[in-house]
Every structure is written in structure tokens, then in C-alpha cells.
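For reference, the chains in residue letters:
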Amino acid sequence: MNESFYHKSLRIMYILLAVFLMISAKYGLFAPEFSRSVFIGGVSFITIYEDMRMKQKWPWMNILMMLVIIVATIYFILEYPEMGKRAGISNREDIIFGILMVSISLISVWKKRGEILSIVAFLFLAYNFAGPFLPGIFSHRGLTLGRVFGFLYNSLYGIYGSVAGIFASYVFMFILFGAFLNVSGGAAFFVRLPHLIAGETKTGTAKAAAVASALIGTVTGSAIANVMATGTFTIPMMKKAGMKDYEAAAIETAASTGAQLMPPVMGAGVFIMAELSGIPYNRIMLVSLAPALLYFISLYVIIDMKNDAIKKIERDRTRDIFLLIKTGWFHFVPLILIFVLLLFGYSPVFCAFWSIITIVVINRIFSHDKITWFKIMSAFFEAGKGIVNIGVTAASVGIIIGTVYLTGIGFKFSELILALSMGYLPLAIMMIALASYVLGMGLTVTSSYIILAVLAVPALTEQGISILSAHLIVFWLSQDANITPPVCLAAYAAASIAGADPFKTGISALKYAKIIYIVPFLMAYTPIIDGNFIQIVSIFLISAFVLIMLGRVPRLYRKMSK
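One numbering rule holds for all chains: residues counted from 1, following each sequence as written. It should be noted that, the model being predicted, local features are given only for residues of pLDDT at least 70 and side-chain atom pairs only at 80 or more, the latter also being counted only at that level, while totals for whole chains, interfaces and linings use all residues. Just so you know, side-chain values use all the structure's heavy atoms and leave hydrogens and water out.

Asks: Could you clarify how one ought to interpret the packing of aromatic side chains in this entry?
Replies: The aromatic pairing rule takes the rings of Phe, Tyr and Trp, using the six-membered ring of Trp, and pairs them if the centres are within 6.5 Å, calling planes under 30 degrees apart stacked, those over 60 edge-to-face and the rest tilted. Under the counting rule described, the total for this entry stands at 28 aromatic pairs. Centroid distance Phe-174 to Phe-271: 5.4 Å. Interplanar angle 20°. Geometry classified as stacked. Of this pair, Phe-174 sits in helix H7 (residues 162–183) while Phe-271 sits in helix H12 (residues 268–277), placing them 97 residues apart in sequence. Each member of the pair, Phe-174 as well as Phe-271, carries the same accessibility label: buried. Seen in terms of ring centroids, Tyr-295 and Phe-296 are 5.4 Å apart; in terms of plane orientation they differ by 80°. Their pairing is edge-to-face. Under the scheme used here, helices are H or I runs from DSSP no shorter than 4 residues and strands are E runs no shorter than 2 residues, and both carry numbers assigned from the N terminus. Only protein chains enter the accessibility calculation, which uses a 1.4 Å probe. A residue is then buried if its area is under 20% of the maximum for its type, exposed if over 50%, and partly exposed in between.

Asks: Please explain the pattern of salt bridges as it appears in this structure.
Replies: It is possible for side chains bearing opposite charge to pair when their charged atoms get close. The term salt bridge refers to a pairing of a side-chain nitrogen on Lys or Arg with a carboxyl oxygen on Asp or Glu at a separation within 4 Å. In this structure the tally under the stated criterion is five salt bridges. Among the salt bridges present, the one from Lys-112 reaches Glu-50, with a minimum N-O distance of 2.7 Å. Of the two residues, Lys-112 sits in helix H4 (residues 92–113) while Glu-50 sits in helix H2 (residues 32–51), which places them 62 residues apart along the sequence. Between Glu-93 and Arg-92 there is a salt bridge, with its nearest N and O atoms 3.7 Å apart. Taking the relative accessible area as the measure of exposure, Glu-93 reaches 32% and is therefore partly exposed. The class of Arg-92 is exposed, set by a relative accessible area of 62%.

Asks: Honestly, the environment of Arg-147 in this entry has me stumped. Any pointers?
Replies: Considering the arrangement of structural elements, one finds Arg-147 in helix H6 (residues 145–154). Residue classification places Arg-147 among the partly exposed positions, given a relative accessible area of 39%. Measuring from C-alpha to C-alpha, the distance between Arg-147 and Asn-128 comes to 9.5 Å, with 19 residues separating the pair along the chain.

Asks: What should I look at first to understand the environment of Leu-29 in this one?
Replies: Relative to the helices and strands, Leu-29 is located in the loop between helix H1 (3–27) and H2. Residue classification places Leu-29 among the exposed positions, given a relative accessible area of 58%. For the pair Leu-29 and Pro-135, spaced 106 residues apart in sequence, the C-alpha separation works out to 48 Å. Apart from the residues lying within four places of it in its own chain, the contact partners of Leu-29 are Ile-23 and Ser-24. The contact definition used throughout considers only heavy atoms, calling two residues in contact when any of these lie within 4.5 Å.

Shown next, in the form of C-alpha cells:
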């Protein structure tokens, strides 16, 4: 295939998908079955098309799969009203297209995200048929081919389920918001400011990396995006200040992991949390602020505990800081706007859309580096590329959730946790943490969270934990997917920038991010999530004080030992 044609056509596909998703999310012009099927078909089509770059000649199998995606998507859209009238009874065409689209979904996620999620989804798919051959509580009478593939393809509970809808609306709009912030210069501003404030020592540059990731994390909601946005600047700075390559990458990985915990955007899993729990997003955002701040305080304290032998590079930073704020103050406006709008209960799509408009307007008024049409198209291109990268997982996750609906395995898994923990809540949390650690070795954060949410949250609520606290406990524990070797995607991204060993980076990042295993117990045993304002602030202040005091111990010990 001609290389120039390939790149141009791929760029057009990304932009068209992004424009469609923006229009669909903001204006609601299309029915859910239309927007979700186009989304799943679009990301699968582009993923298969991307794979053609590796071939010297036209790969006929890829072409055949792309044709199947087009036909199956059109069939689903046109036939969906009749599918509803059939009340869950699938005809021959439903089953054939169901088998084809489920298979292509597994192949797509294998090509784009690796084999682990596709294998996990395949095992869940096989569980629908293998029930009669399994022992104990996991056995069931088995389901027919028509029942399984009809449900996964015909309904809005399988590959075209709520996860696809959330990715195609909420998640995409915030990816687009991040892309516009980047082309407007806002991302560079939020990276530069902490470095001017913190200084150029080893701990200074590391602290600046943590603060920069917290600022960028308010809008990216993605650890990997955070690593790529801030790490290209922070990691070389840390290495220049004398830090080892893998340690610099580990600090950036741990800091960027907090991006999925920091409101207002947080990670894609939080939008799914709102859907699964029925709790408004703005409430989840508000109660998540205190734990997120504790995460970054902990990271800051751990960094501060390091003995910094390099002298501070003296220079007048006050003038530089003042000049940077004077020329870039307007970058704060979209962040403040999005937070306020979410706080007042507007939908995430509404908030993201008008914050994007705000970015463009204030850039045209106040910035010397104006947003041009080329930059706008670049933002749509980056957003389309970003949503394909994570959206390709939606169908496989839909297979997993559909299997939970069909077989009731979620209740069985909960029964198993309750039985093994013997009603002892700390043991149940530790078991979920272990399951998250294992899942994190091969799955993304969002995929790990969804699996544990449908399997483990009922076990926690059975032991008296509120539905919101249970979901946030699972959400926090699932964050180790970014830093758990052998996959640890965020650690891989940071290690590639630092030229470090990804395995050592992941292991070291666990040390800096270990509070992700502590805060869930705080959520279970204190009112930091479900309490009133006074209770939440009190628990936060006490916890922050304890963290800071623990950080003082090594310094006191070094002083006493001299």
C-alpha cells in the first residue's frame, strides 16, 4: 500500500470519527444503537486498517474483516427495531453476524492492546458454554449458541453495551478537551509552572513532576497520556538533577497514575462507575477529591524523604514565575469552568463541550500563539487516535459484562469472596487487592476496574460497605494496572522516555504509589467518602498530618545518627 495514501486516509478516519462522536455526544442526534454500533464498528475498522501498514501487499483477510464490520454494523442499525420485537429470540443472521463481530472484536483488541484482555474476554465467552463441565458454585446448565451470540450482538448489554456508550460520549469528550488544551499551549503551561516553583534539585524536580501530573491529571484522566504530556519534560529534568533513569521514570509513572484519581475528569472508569452504581458523576467527583489529594501528599512526602545531596541551583525564579503566570493565566479558566459546571450538576458532555469552546475563545483573545484551523484539525486527529486506542477495549469488556448478565457469575464470585474471607472485611479487601494485582499484570486500569466492579463490589456491599465506597475501593485498587509488571503500560511509556528498564521502573513505581493499597481501608473504616463535610475534612486533615509526620521520621533519624 502506498505509504502517503495510508497516512492521509488514516488521518481522515481519525478526524471523521472524532467529529461524529462530538456531534453525537453533544447534540444527541442519534439513537443509542446507532451511535454505539458506529463507535464499535469505527474503532474496530480503524484498528484492522492500521494493521495493514505492516503488510507489503494488500492483506485480503484484513479487507474481508473490514467488509464484515461494515455489513454487520449496517445490519444491526437497520434490524434493531425488529430485534426488539423478537424479544431476545435470534434468527440465523443475528447469530452469524454475532459470531463474526464478537470474533473481530477479540482480534481487534489483540492487535491494539495485546493478547491478555482478548484471552480474558474469550475465557468469559467460553464460560457461557462450559458451565455443565465446571465443579462447585461456578457450574451452570450451559447456554446455546443463539442465546449467547444473540445477546452479545442483538442487545445493548453486550458489545454495544453501556461501556461503548460511555466511551463514545463522556470519555471521548474529555479526550477531545485534553487535545484542545494541548494545542492551545495549556498543557505546556501546567508542566512549566511547577518546575519554576520547585527548583532544580533532585527532590525539587521530582516534586515538580508530581505537581505537574496533578495539574494535567485534572483534565487528562489517563496515566499514559499524563506520562507522554509531562514525562517528556520532567524525566530529563530529574535525570539532569542526578536521579537514576529508572527512578525518574518511576516517579513520573506514580505521579501520572494519580491522574486517574484526580477530579474533575478522573479516569474512564469513573464514568462507568456512575453508570453501574447509579450515583451522579458530580457526587463521585466531589468525594474523590480528598483521597486524590492524599495520594499526591503521600507521593510528595516519599519524594521529600530522599536525601538530596545536590545543592540547589540558585537563580532568580520569582521573575520567571511572575512572567509565566502573567502571559498564561488564562489557561486556568477552562479548568475552573469545567470544575464549576460539574459541581453544579451539568452533564460531563455539556461541561467538556463548553470548556473546549472556552479554550478556543480565550486563546484567540489573550494568547500570542493563536489556535488555527490546522491546530483544530490536529486536536480532532489526536482525540480520534486516543479514543481508538482505548475504545477498542469496549467490545471485549462488553463480552465480559454480557457474560455476567447471562450466567450470574458475579454473584458466584461474591459468594466465593464472602466464604473465603469468613465475613472479615480486611481480608475481603486484601483478596480483592490480590485479584486486582493479578489482573493488573495484563489488563488496563479501566478493564481491570470493570471486571472487579461486576464481580467484587457485591461482596463488599454484603459486608456493609456503601455502594459508592465499594466502587471507589475497587477503582483505587485497580490503579496498580499502570505499574504492575510485566505489562504496566504507564511504566513502559515512562521507561521509553527515560531509556530505563520497564520492569525496574514498574517495581520502583509501586514503592511510590503504595498508598493505593492504604486508602481503600480508609474508605472502608472512616467517613471520608460517605460522611458530611466536617467529617470528610477532619479525616483528610488527620490523614495528611500523619503522612507528613511519617515523612519527618527518616530526617530526624539521620540527624540523630550524626
